Amino acid sequence: MNVTLAVMETILLNETVVHSQFTNQSDDHTNMVSIICENYIGPTLCVFGIVGNILNLIILYKGALNDSPYLYLKALALTDMLALLLSFIHLTVSRKSNLYGWKFFDAYFFFPIVNSLTASSVWLTVGMSIDRLLYVKAPLWARAQFSLKKAKGRIILIFISTFLMTIPGFLCYSLVYTEGQHRINPTEFRSSTNYRIYDIACIVFFHVLPLVIFTLTNTYLICAVQRARVIRKEYDIRNNKEKEWQIDQRRFTITLISIVMMSIIAILPSTIGDFTRLLHISQSHYQTLRQISNILLLCNLSMNFILFCAFNKRFVRGMKSVFGGSYTKVKFSIRRTKSFGLSKTETNVF
């Protein structure tokens, strides 16, 4: 199966890559789409996403963003960065190599690990959505109950659960040596009825269920944000610490809404692709749909930095404090030096 940011075959090139090693059923149009996606668009998105997620981690850790909701964003940035890094290695090196080491990397490391990471990414977003829903419905209760320690526990539980769910991915492929080349072949388990049952269960757990949760929580959160804006205008609440906390929570809610919308856009085509594959559509059409869904999944892993900058002012303030701090100190020191009547040359050296 392919997964949605999530599981069982490989987020990138899922069966497209593996299939291309055993069959020649794709037509010229499909081959052209594959070449463009795998050689150009995919690696570019990976590089962009890796850099963006590294910036996310630096800002989230050094920008005084230590609340429990932002812990989810830290875990999400780390998970997405690792998935993109492995995907970049696959797209640029291992996919094109016939050496034993790289084929071993693809069969026993890239496919199962990336699926585990992308599954974690989906359910971290689900966890944020549910937590945010409770924050909005009962803010005072949630503020007291959702401690940093409990958030860490939920995140660890998500990582362990998704890894356990994706363990069968390590049993799907084996390496064979034919005609002087190492190749990846599906195992008997990969073709068995048990795997098909497992495949369908994963589609439900990693595609359908998150989509339902995202749709319900996002609809409620959007309505809640609109109500909060109306109430704020009606009562014209004066500035105080409680209001600042509420504003910060509202900004995080808006940030989460944008993340969830991006996830829905990425997951839906992949879900459609999985169901159409079960209906045995032509290999050419399936591969084209899969390539498009894979690019959307890569976009979902890569775009959080832009979403944070666009919708979360606290994140932007944290970014300015991290990357603008040294500039501010130098500027202040220059002004201070000038006030003591030092020369321009001395100021520049300082």
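Residues numbered from 1 in each chain as written. Predicted model: local features only at pLDDT ≥ 70, side-chain atom pairs only at ≥ 80, totals over all residues. Heavy atoms only, no water.

Draft legend 1. Just the packing of aromatic side chains, in detail. Enumeration over the complete set of coordinates arrives at 15 aromatic pairs. Measuring from ring centre to ring centre gives 5.0 Å for phenylalanine 205 and phenylalanine 206, while their planes differ by 85°; the resulting arrangement is edge-to-face. Phenylalanine 206 sits in the buried class, given a relative accessible area of 0%. In this structure an aromatic cluster arises from ring pairing among Trp102, Phe105, Phe109, Phe110, Phe111 and Tyr173. Over the face of the ring belonging to tyrosine 61 we find lysine 74, whose NZ or CZ atom lies 4.6 Å from the ring centre. (Phe/Tyr/Trp six-rings, centres within 6.5 Å; stacked < 30°, edge-to-face > 60°. Buried < 20%, exposed > 50% of the residue type's maximum accessible area, 1.4 Å probe, protein only. Lys NZ or Arg CZ within 6 Å of the ring centre and 35° of its normal.)

Draft legend 2. Structural context of a nonpolar patch on the surface. A cluster of nonpolar side chains, namely Met32, Ile35, Ile36, Tyr40 and Ile41, defines an oily patch on the protein surface of about 460 Å² accessible area. By the secondary structure assignment, methionine 32 is in helix 2 (residues 28-62). Its relative accessible area of 46% is what places methionine 32 among the partly exposed residues. (Patch = residues over 30% accessible without salt bridge, like charges linked within 9 Å, V, L, I, M, F, W, Y side chains within 5 Å. Areas by Shrake-Rupley, 256 points an atom, 1.4 Å probe, with all protein chains shown as cover. Salt bridge = Lys/Arg side-chain N within 4 Å of Asp/Glu carboxyl O. Helix = DSSP H or I, 4+ residues; strand = E, 2+ residues; numbered from the N terminus.)

Draft legend 3. Structural detail: the nonpolar core. Ranked by size, the top nonpolar core spans 65 residues in total, and within it Leu73, Leu86, Trp123, Leu124, Met128 and Phe315 carry the most contacts. If you list the elements that add at least two residues to this core, you get helix 2, helix 3 (68-92), helix 4 (100-137), helix 6 (148-165), helix 7 (193-235), helix 8 (241-278), helix 9 (283-302) and helix 10 (304-311). Residue contributions to this core peak at 13 residues, all from helix 4. Look past the residues within four positions of phenylalanine 315 in its chain and what remains in contact with it is Asn56, Ile59, Leu60, Leu65, Phe305, Phe308 and Cys309. (Core = buried A, V, L, I, M, F, W, Y, C linked by side-chain atoms within 4.5 Å. Contact = heavy atoms within 4.5 Å.)

Draft legend 4. Layout of the environment of threonine 288. Relative to the assigned elements, threonine 288 resides in helix 9. Along the backbone, threonine 288 and serine 34 are 254 residues apart, and their C-alpha atoms lie at a distance of 7.5 Å.

Draft legend 5. Representation of the UniProt feature "transmembrane region" (unreviewed entry) in the protein chain. In the UniProt entry, the feature "transmembrane region" (unreviewed entry) is given for residues 40-59, 71-89, 109-134, 155-177, 197-223, 252-272 and 292-311. The span residues 40-59 carries 100% helix and 0% strand; its end-to-end C-alpha distance comes to 29 Å. As a span, residues 252-272 carries 100% helix and 0% strand, and end to end its C-alpha atoms are 30 Å apart. (UniProt positions renumbered as here; feature names shortened; annotations may be inferred.)

Draft legend 6. Representation of the environment of threonine 215 within the structure. Structurally, threonine 215 can be placed in helix 7. Note on threonine 215: relative accessible area 41%, which makes it partly exposed. When the C-alpha positions of threonine 215 and isoleucine 264 are compared, they lie 8.1 Å apart, and in sequence the two are 49 residues distant.

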